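Chain and residue survey
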Amino acid sequence: MSRHLTLSIQGMTCAGCMGRAERALAAVPGVENVSINLANERAQFDLTENGQLSDAIAALDEAGYPARIETVVLNVESMSCASCVGRVDKALAEVDGVLDVNVNLASETATVRFVDGIASVGDLMAAARESGYPATPAESDTVAEDASDRKTAEARDMFRKTAIAAALTLPVFIIEMGGHVFPAFKDLIHSTIGQQTSWILQFVLVSLVLIGPGRIFYAKGFPALFKGAPDMNSLVAVGTSAAFLYSCIATFLPALLPEGVRAVYFEAAAVIVVLILLGRSLEARAKGRTGAAIRKLMGLQARTARVIRDGKPQDVDIAEITVGETILVRPGERIAVDGEVIEGTAHVDESMITGEPIPVEKSPGDEVTGGTVNGAGSLQFRATRVGRDTTLAQIIRMVEEAQGAKLPIQGLVDKITLWFVPAVLALAVLTVSVWLILGPDPALTLALVAGVSVLIIACPCAMGLATPTSIMVGTGRAAELGVLFRKGDALQQLASVDVVALDKTGTVTEGRPDLTDLELAKGFDRADVLRLVGAVEAQSEHPIAQAITHAAEAEGVILPKVESFESITGYGVRATVSGHDVLVGARRLMEREGIDPAPLSKAEANLSSKGRTALFAAIDGELAALLAVSDPVKPTSAAAIKALHARGLHVAMITGDKESTAKAIADDVGIDQLVADVLPDGKVAALDRLREGERRVAFVGDGINDAPALAHADIGVAIGTGTDVAIESADVVLMSGDLQGIVNAVEVSRQTMRNIKQNLFWAFGYNVALIPVAAGALYPAFDVLLSPMLAAGAMALSSVFVLSNALRLRGMKAASKPKDGAMPQKATVKPAPAE
């Protein structure tokens, strides 16, 4: 058994950092499938039974990228003795991600240190409550911030540092660069305070910049360099230090330099720091915006609920709600947790979960989903899933995992960034050497400028951000459109599919058929047949069986007790009812049992030509009746298939129905290829046939018998109104019952991959094009040498461009919207198994 864990880590600034953190984690025994996301600063990995979380945290800490540790103080109720303390301590310590627990009986508090991302305050409260000691966060304590709050605070802090650095740098920039632009200004400086005083003033101001706001580059960059694992901070630290030290020598030890190269570059070191700080400020703000979808989903969670306790409604925090409690929801209120309605009728807006705009009527027996909004009417419901088990919590977890996933395309970036920074350092040394040997006078000055420019412009920030930012924004926008990518690589693979294969029942059609015809064989009575067949089908949850049962009940038939029941997969069912042997199923079931269906074959053909599903019934070994049911096509199916065609996709339909029945539906909605009359395991073989010619196939289904096909397809897409088994087998989940969701899924996938390729082209193209320029490739022909300040500005701009381009995905429009007549359906997500 292994656990899938997600934790928040600190200190990463570029793709090189990401690679080193990933390698450090992967080297820990028991840690597998490591994936690190630079954009949201989270690491995902599987921890086997042999692995220890503490080892993983220690490895990250040693690599210089520590896990984010939070501390919370909980007020604990009901503790009365040392044994209570022990039970609370044990319960909290057993929560995944908890590092240290200190329970104080005197103050009735528990101080807990935990790994952010693995554990949460809600998890701790739930563990304490389940142990019999309810706990709430102490009001004076600061509960762990979420990632967006941290990014907002980080951006604010970086802008503050940038402002301070800019204020200190501006006089230096004016004094030094003003003299180059306006010679009279230089003469004024020399005639008043003098060059030496000017340089000393620049030294003081720039020292304050480097020691103050710029300290972060040196505190992280030099240790990483000395460990033999240089990162972006190392490049900035080495580059600015070289410019600063050269200027210090020119200022305080001028005799060490030839007279022709005595110049200062204090302004270059300071401006580089200012520009990179500004770039990081914009990065932090943009990164915070990439998680907007998660924040929006989290915003759907109610904070409190009116729980009926001791016969009276009480407002309680949702973290304190337990399964089985009764909750009162008034008009306009948000439903707190998942549950089953036990009293009242109302229309509930589920659009924030399913993307469907029409409110759904809820009455006793119906399920409600946490996060949805009650309309007119009051409801009472029994909580069935709370905390991390609710549908909304599952959706948030799915989106977070998809956002943190590593796509196959990221492998190329990882391979390059593995050697990129060391290669840049080597190239900078080579650049300086070539200029010193072959460069014109002043060779030392030109070598310094070129070397520093190479170090600064080659920082691989944009490379590390190119893929994860697009994934975060794309999957977040997909969730808002009702599309969940359960597996990260599905986002890339769906963009390249050639064929979309659809199950029929519940996917193309409503999945709620009605009995339309009942043809009796000679010697049989309608009421008797309905009584026996209805009783048999009442034992099955298949939609066709339910249609027959409902028809029998509607005609006032009292269904007898079934004495034995057997489901024959792919054929039908057999049962003993009131002493009669009853068979209900397809023609092949009759033939298998030696019963001749010929007397009703003509009626079967006629009904099938109308698109109706025909079933035979036999009683005591004799053909008794032909029953026909019709499953209406969903109003949006034809439009969705047309939209798939417009995107160059071949659309097939795979069904167990007879070909004549299925063909009527396929022709009606515009299906390109029909595979009919297949058993459940035949769907897998049908997918293999569709793959011929090296085509990639996505399969869309919703039933238990679709699970093998969903798992076997290149991409399995589950209709969210389907069964939990189907959803667990899928790569992508469409939260609504609308087939238009697959169009949105394809569109999101394609636009996200296009966005990633644009980002990677910019990130790699920028470095490929500008590193030679920074090294001085244009100097021999055009006498142009890139200034380190311009290099810093271009480097910061590249990261901001990548982030801004990724954020464009937030404006992605739904590829197609449900028609007004399309009724929304209840989406279900299976609770994650207990770890």
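None of these values were measured; they are calculated from a predicted model.

Bringing the overall build of the protein into the picture now. Assigned secondary structure in the protein consists of 30 helices and 29 strands. The dimensions of the protein, computed from C-alpha atoms along their principal axes, are 120 × 75 × 50 Å. Residue burial in the protein is summarised as follows: out of 835 residues, 54% are buried. For the protein, long-range pairs separated by at least 24 residues make up 70% of all intrachain contacts whose partners lie at least 6 apart in sequence. The distance from the centre of the 74 positive side-chain charges to the centre of the 96 negative ones in the protein is 5 Å.

Another aspect to go through is the packing of aromatic side chains. The full count for this structure, using the stated rule, is 9 aromatic pairs. Every member of this aromatic cluster is reached through a ring pair, and the members are Phe203, Phe244, Phe252 and Phe266. Directly above the aromatic system of Tyr571 lies the positively charged group of Arg588, at a separation of 5.9 Å from the ring centroid. Directly above the ring of Tyr571 sits Arg592, whose terminal nitrogen or CZ lies 5.1 Å from the centroid.

Once that is clear, we can look at helix H22 (residues 601–609). Along H22, the positions that sit buried rather than exposed are Glu604, Leu607 and Ser608. With its buried residues spanning 100° around the axis, H22 presents them on a single face. The inward-facing, buried residues of H22 contact strand S19 (514–520), helix H21 (587–592), strand S23 (613–619), strand S24 (622–630) and helix H24 (659–669). Residue Gly611 follows H22 closely and has a positive phi angle near 85°.

The next point concerns the UniProt feature "transmembrane region" (unreviewed entry) in the protein. The UniProt feature table records "transmembrane region" (unreviewed entry) at residues 163–185, 197–214, 235–257, 263–279, 416–438, 444–467, 760–779 and 785–807. Along residues 235–257 the backbone is 78% helical and 0% strand, and the end-to-end C-alpha distance reaches 25 Å. The span residues 263–279 carries 82% helix and 0% strand; its end-to-end C-alpha distance comes to 28 Å.

At the junction of Asp441 and Pro442, the peptide bond is cis and its omega measures out at -5° in the coordinates. Looking at where Pro442 falls in the secondary structure, it is placed in the loop between helix H14 (410–438) and helix H15 (443–457). Of note in this structure, Asp783 is not a glycine but carries a positive phi near 60°. Summarising the element assignment, Asp783 is placed in the loop between helix H29 (779–782) and helix H30 (788–807).

The 6 strands lie next to each other as S19-S24-S23-S22-S21-S20, forming an open sheet whose pairing is antiparallel. For this open sheet the edge positions go to S19 and strand S20 (562–568), each flanked by a neighbour on one side alone. Strand after strand, the sheet turns through a mean of 20° between neighbouring axes, direction not considered. Where S20 and strand S21 (residues 572–577) come together, 6 bridges link them in antiparallel fashion. By the bridge assignment for S21, Ser567 is matched with Val573. Relative to the sheet, H22 contacts S19, S23 and S24, its axis offset from that of S24 by approximately 10°.

As recorded in UniProt, the sites labelled "domain: HMA" (unreviewed entry) are residues 3–68 and 70–136. As annotated, residues 3–68 comprises 35% helix and 30% strand, and the C-alpha atoms at either end are separated by 19 Å.

Counting 143 residues, the largest nonpolar core has Leu7, Phe45, Phe485 and Ile742 as the members making the most contacts within it. Residue contributions to this core peak at 14 residues, all from helix H28 (residues 740–775). Apart from residues no more than four positions distant in its own chain, Phe45 is found in contact with Arg3, His4, Leu5, Leu7, Leu25, Val31, Glu32, Asn33, Val34, Leu53 and Ala56.

Reading across from one edge, S13-S12-S15 is the order of the 3 strands in this open sheet, with antiparallel pairing throughout. Only two strands of the sheet have a single neighbouring strand rather than two, namely strand S13 (360–362) and strand S15 (373–374). In the sheet, strand S12 (residues 346–349) pairs with S13 via 3 bridges, with the strands oriented antiparallel. Bridging across to S13, Val348 finds its partner in Val360.

On the surface, Arg285, Arg289, Arg295 and Arg810 cluster together into a positively charged patch. By secondary structure assignment, the location of Arg295 is in helix H11 (residues 292–299). On the basis of relative accessible area, Arg295 is assigned to the partly exposed category, the value being 32%.

By the definition in use, this model includes 25 salt bridges. With a closest N to O distance of 3.3 Å, Glu340 and Arg382 form a salt bridge. Here Glu340, found in strand S11 (residues 338–343), pairs with Arg382, found in strand S16 (residues 379–385); they are 42 residues apart in sequence, far enough to count as distant.

This paragraph deals with H15. The first and last C-alpha atoms of H15 sit 21 Å apart over 15 residues, in line with the 21 Å expected at 1.5 Å per residue. The buried fraction of H15 amounts to 14 of the 15 residues, a majority that puts the element mostly inside the structure.

Take a nonpolar patch on the surface next. There is a patch of nonpolar side chains on the surface, built from Ile200, Val204, Leu208, Ile249, Phe252, Leu253 and Leu256 and spanning about 610 Å² of accessible area. Counting only elements with at least two residues in the nonpolar patch, the list comes to helix H7 (195–211) and helix H9 (232–252). Counting residues per element, the nonpolar patch draws most heavily on H7, which supplies 3 residues. The residue Leu208 is located in helix H7 in this model.

The rules behind these values
Residues numbered from 1 in each chain as written. Predicted model: local features only at pLDDT ≥ 70, side-chain atom pairs only at ≥ 80, totals over all residues. Heavy atoms only, no water. Helix = DSSP H or I, 4+ residues; strand = E, 2+ residues; numbered from the N terminus. Buried < 20%, exposed > 50% of the residue type's maximum accessible area, 1.4 Å probe, protein only. Contact = heavy atoms within 4.5 Å. Lys, Arg positive; Asp, Glu negative; His and termini not counted. Charge placed at Lys NZ, Arg CZ, Asp CG, Glu CD. Phe/Tyr/Trp six-rings, centres within 6.5 Å; stacked < 30°, edge-to-face > 60°. Lys NZ or Arg CZ within 6 Å of the ring centre and 35° of its normal. Arc of directions from axis to C-beta. UniProt positions renumbered as here; feature names shortened; annotations may be inferred. Pairing = 2+ DSSP bridges. Axes fitted to C-alpha atoms, helices over the stretch in contact; angles between N-to-C directions. Core = buried A, V, L, I, M, F, W, Y, C linked by side-chain atoms within 4.5 Å. Patch = residues over 30% accessible without salt bridge, like charges linked within 9 Å, V, L, I, M, F, W, Y side chains within 5 Å. Areas by Shrake-Rupley, 256 points an atom, 1.4 Å probe, with all protein chains shown as cover. Salt bridge = Lys/Arg side-chain N within 4 Å of Asp/Glu carboxyl O. Expected span 1.5 Å × (residues − 1).

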